Amino acid sequence: MKNSSLLYVKVGFFLLMFQLKIGRIDLAPDFLGAFLMLLALCSQEMTEAEKRLCPLWMILTVDYLLRWIWDFEYILESLLIEVISIYAIYALLGEIAKRVEQTQPEEAKALHGIRIALTAFTVLAYLFSSYNMEAIMVD
């Protein structure tokens, strides 16, 4: 993987994982992180698995951009985007680990561990987050 692609992935993960806000202004919007992940995939020769990941990162980029522009919350859409996001991150880290494994096997093992821990943490964070129950309650 090219150094520029790895830089895009690092910055993209930072933007996706950390919410930096001042008041209501989001300094690290998720759509920028997803867009950087998409750039990381497109700025190199892609494997078949990476070609299958491109549409997922496009969907995430568009959805995060729409959420940044318009404040909307639909539980089913939110769940679907969360599942796509978890899979896309897990698969992308797996592809990066495969590429790194040939030259740096120890770093690839660490990346696999990070991949599993990040996926488990994201799933648990979503499951323990508060749901917008007003949207589905019937009076």
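Higher on the page you've got the structure.
Computed from a predicted structure; not experimentally measured.

Ranked by internal contacts, the top residues of the largest apolar core, which has 27 residues, are Phe13, Met37, Leu53, Trp57, Leu60, Tyr64 and Leu92. Taken together, the elements giving at least two residues each to this core come down to helix 1 (3-17), helix 2 (30-42), helix 3 (48-69), helix 4 (75-101) and helix 5 (105-128). Per-element accounting of this core gives the leading share, 10 residues, to helix 4. When neighbours within four sequence positions are excluded, Trp57 is seen to be in contact with Leu16, Ala34, Met37, Leu38, Leu41, Ala88, Ile89 and Leu92.

As a further point, take helix 5. Helix length check: helix 5, at 24 residues, gives a terminal C-alpha distance of 35 Å against a target of 34 Å (1.5 Å per residue), a fit within 8%. Residues Ala108, Leu111, Arg115, Leu118, Thr119, Thr122 and Tyr126 constitute the buried set of helix 5. Check the buried side of helix 5 and you find it contacts helix 1 and helix 4.

Cut-off values and rules
Residues numbered from 1 in each chain as written. Predicted model: local features only at pLDDT ≥ 70, side-chain atom pairs only at ≥ 80, totals over all residues. Heavy atoms only, no water. Core = buried A, V, L, I, M, F, W, Y, C linked by side-chain atoms within 4.5 Å. Buried < 20%, exposed > 50% of the residue type's maximum accessible area, 1.4 Å probe, protein only. Helix = DSSP H or I, 4+ residues; strand = E, 2+ residues; numbered from the N terminus. Contact = heavy atoms within 4.5 Å. Expected span 1.5 Å × (residues − 1).

Fair warning: the whole summary comes from geometry, so function is off the table for now.
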